[in-house]
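Single-letter residue listing:
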2 protein chains.
Amino acid sequence: MEAGRQRQGRLWSNLKEVCDLLHIPAAISVNNEELLFQHVQFKTGQRVHTIGQAFDTLYIVNSGFLKTVLIDEFGNEQVLSFPMKGDMLGVDGIHTRHYASEAVALSDCDLILLPFKKLTALGRVHSELENVMYGVMSRELVREQAMIGMLGALSAEARVARFLVSLADRFAAMGYSSKLFNLRMTRHEIGSYLGLTLETVSRTLSAFNEIGLITVDQRTIGIKDAEALKTLRRLPPSRSRAKQTTKQQKAEADQSGDDQVLAAV
Amino acid sequence: MEAGRQRQGRLWSNLKEVCDLLHIPAAISVNNEELLFQHVQFKTGQRVHTIGQAFDTLYIVNSGFLKTVLIDEFGNEQVLSFPMKGDMLGVDGIHTRHYASEAVALSDCDLILLPFKKLTALGRVHSELENVMYGVMSRELVREQAMIGMLGALSAEARVARFLVSLADRFAAMGYSSKLFNLRMTRHEIGSYLGLTLETVSRTLSAFNEIGLITVDQRTIGIKDAEALKTLRRLPPSRSRAKQTTKQQKAEADQSGDDQVLAAV
DNA sequence: CGTCTGTTTGATCACTATCAACCCCCGTGG
DNA sequence: CCACGGGGGTTGATAGTGATCAAACAGACG
């Protein structure tokens, strides 16, 4: 895209571009043009790294969409994240020096290579780089914490709703429309990510569509009521079975106690 | 305990002791006795840090048991982890410079303070320290990934079983018995951690007890069949990667009509 | 035009949450 | 010393959410 320059027929980026991509304010005054990081392209379906593979480089997504997955003893995939522009890949390999997850391109991708050795050597000279790395890793950790909180506490509908909001926010941060976008992943992958089945994901999207919160056309999603999606806990009873929801919900909302929280839209 | 020395009526540890505690092989030849980190004691129920509090120090557990929690908009706690000896606290505060979670002592605790500023300054002189930090953060990340995988894919029974095995392993790593130990947390906290209700946790423990996998007496747990607990499954989740597993799944499904549906592998 | 993958929708099942009652342990105060 | 209270734990009955099984449809593609 915009970042990077040609050399030997390949794209390269300097440190400032890398930091910009990561949304990390880097006041780094390095002799930029000497410190270049190479880009690599991956086509849809290609694997960037696999579980157990020897770790030696981190990746930053410059363009494209990916998924990272864990694979259990039966070969079932568990989706961990959907990295896109500005996200870092491979951090889980630092500890054991072997990648703990697998990264797969969901579209054609352009990634920036950060050889870990080179990075740490660089840190020795420019110690500000340390803080950049700490910041990125900490951010990743916080994200995963939020994910754990979501999986542990929210209903299927709330998970799907938050997933959509999260996607919208990320698209917005990338300069794309947050109101209309295309899912790059299948229902099955979304379900795996959210701890649900693909049928539940599909049904929930359909329900949101009926209520008017979103529009759904295959992989094209239109966000109509972002605010409702953000605060959604549970869906109002779809057909009939009306138990004077308004009053009851109000009463429940008022006492905002500890446990179950219903349908606060 | 063993680590640390007295000075001004307080305990202090050097860098080597800190690294040992973290199980990180640190070939650091620093003038040890000059680089001391202070200990602090917390009593049961005390908070080490709270959400939103300004971040300035990391903590390493020298002794005692804690929990870290997220608190949602209604005041509900979501337990994220149960740190114990050798674990690091506060990493989630690096990114935003404010702690993202709350840490509470479940027993009287002895923690080592790692002022973050001091740590990064130290990294400038002793660059091996960088790798220690990266390693610890990466390990934390991998742990959380495993947690996400567990919450997303495993049944209630499998979660409780793995929780027990994980505790046993950690006690073993600390030099305690892995066959008989005391839970430091309530059923409610376990449930929150595992994305279950306290009743489900209680029932599952009772069921394991009846089957002879463990013994339960209030908070005292005896592990009788660690292997069975490790491999306990249920719910061959999704037909994501349907291979020649069809026969096996069918066989499992056939005998799943009984009351005891504990499909071990 | 058939095949294959992904999606939608329906019917049913069952795992786990919820509601409720009771028990156990322990500390406290009459 | 015992009554009392309260937090934590166990167990039972019931309901509901989401998984499972099943069928049909829509695009993509050779």
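Going by the structure above, here's the rest.
Residues numbered from 1 in each chain as written. Chains lettered and ligands numbered in written order. Predicted model: local features only at pLDDT ≥ 70, side-chain atom pairs only at ≥ 80, totals over all residues. Heavy atoms only, no water.

### With respect to the pattern of salt bridges
Now for step 1: All chains considered together, the criterion is met by 20 salt bridges over all chains.
Now for step 2: Residue E73 of chain B is joined to R233 of chain A by a salt bridge in which the shortest nitrogen-to-oxygen separation is 3.1 Å. Of the two residues, E73 of chain B is situated in the loop between strand 6 (66-71) and strand 7 (77-81) and R233 of chain A in the loop between helix 7 (226-231) and helix 8 (245-254); the pairing between them involves two chains.
Now for step 3: On the basis of relative accessibility, which here comes to 10%, the residue R233 of chain A falls in the buried class.
Now for step 4: With its nearest N and O atoms 3.8 Å apart, the salt bridge here joins E140 of chain B to R143 of chain B. One end of the pair is E140 of chain B and the other is R143 of chain B, both in helix 3 (residues 128-153) and 3 residues apart, which spans about a single turn.
Now for step 5: By relative accessible area, which is 15% here, E140 of chain B ends up buried.
Now for step 6: One continuous salt-bridge network, built from bridges that share partners, spans D87, E140, R143 and R170 of chain A. (Salt bridge = Lys/Arg side-chain N within 4 Å of Asp/Glu carboxyl O. Helix = DSSP H or I, 4+ residues; strand = E, 2+ residues; numbered from the N terminus. Buried < 20%, exposed > 50% of the residue type's maximum accessible area, 1.4 Å probe, protein only.)

### Focus: the protein's contact with DNA strand C
Now for step 1: With respect to spatial proximity, 18 residues lie near DNA strand C, and among them R187, S202, R203 and S206 of chain A together with T200 of chain B are the closest.
Now for step 2: Here DNA strand C approaches the protein such that, of its atoms within 4 Å, sugar and phosphate make up 67%.
Now for step 3: The contact in question runs from a phosphate oxygen of DNA strand C to an N or O atom on the side chain of R219 of chain A, over 3.0 Å.
Now for step 4: Take E199 of chain B: an N or O atom from its side chain is 3.1 Å from a base nitrogen of DNA strand C.
Now for step 5: Mapped onto the surface near DNA strand C, the elements with two or more residues apiece are helix 6 (198-211) of chain A together with helix 6 (198-211) of chain B.
Now for step 6: Among the elements that take part in the surface near DNA strand C, helix 6 of chain A stands out by supplying 4 residues, more than any other.
Now for step 7: Across the surface near DNA strand C, the residue classes tally to 3 nonpolar, 8 polar and 7 charged. (Near = heavy atom within 4 Å. Polar contact = N/O pair within 3.5 Å; in protein donor to acceptor, adjacent residues only side chain to side chain. Nonpolar A, V, L, I, M, F, W, Y, C, P; charged D, E, K, R; others polar.)

### Brief notes about the protein's contact with DNA strand D
Now for step 1: The environment of DNA strand D is formed by 20 residues, the closest being A156 and T200 of chain A together with R187, R203 and S206 of chain B.
Now for step 2: A breakdown of the atoms of DNA strand D within 4 Å of the protein gives sugar and phosphate a share of 66%.
Now for step 3: R187 of chain B has a polar side-chain atom sitting 2.7 Å from a phosphate oxygen of DNA strand D.
Now for step 4: Take R203 of chain B: an N or O atom from its side chain is 2.7 Å from a base nitrogen of DNA strand D.
Now for step 5: If you list the elements that add at least two residues to the surface near DNA strand D, you get helix 6 of chain A together with helix 6 of chain B.

### Let's talk about the relation of the copies chain A and chain B
Now for step 1: Of the transformation superimposing chain A on chain B, the axial component is 0.0 Å and the angular component is 180°, with the fit at an RMSD of 0.1 Å. These values place the two chain copies in the arrangement generated by a two-fold rotation axis.
Now for step 2: Same-surface contact between copies: 79% of interface residues of chain A are shared with the interface of chain B. (Least-squares fit on C-alpha atoms with pLDDT ≥ 70 in both. Contact = heavy atoms within 4.5 Å.)

### Overview of the interface of chain A and chain B
Now for step 1: Taken together, the contact pairs 53 residues of chain A with 49 residues of chain B.
Now for step 2: Both sides together, the interface formed by chain A and chain B hides about 4,600 Å², and carbon and sulfur atoms give 61% of it.
Now for step 3: Linking chain A to chain B there are 4 salt bridges.
Now for step 4: Across the pair E73 of chain B and R162 of chain A runs a salt bridge whose closest N-O atoms are separated by 3.5 Å.
Now for step 5: Applying the counting rule to chain A against chain B returns 11 residue pairs in polar contact (both at pLDDT 80 or more).
Now for step 6: Within the residue set of the side of chain A that touches chain B, elements represented by two or more residues are strand 6 (66-71), strand 7 (77-81), helix 2 (116-125) and helix 3 (128-153) of chain A.
Now for step 7: Among the residues making up the side of chain A that touches chain B, the classes are represented as 19 nonpolar, 19 polar and 15 charged. (Buried area = accessible area lost by both parts, 1.4 Å probe.)

### A word on the pairing of strand 3 (residues 36-42) of chain B
Residues and elements named next belong to chain B.
Now for step 1: Here strand 2 (residues 10-14) runs beside strand 3; their pairing, made up of 3 bridges, is antiparallel. Pairing of N14 across the sheet is with L36, part of strand 3.
Now for step 2: In this structure, strand 3 lies alongside strand 10 (residues 109-115), joined through 4 bridges in antiparallel fashion. Considered in strand 10, the bridge of F42 is made with C109. (Pairing = 2+ DSSP bridges.)

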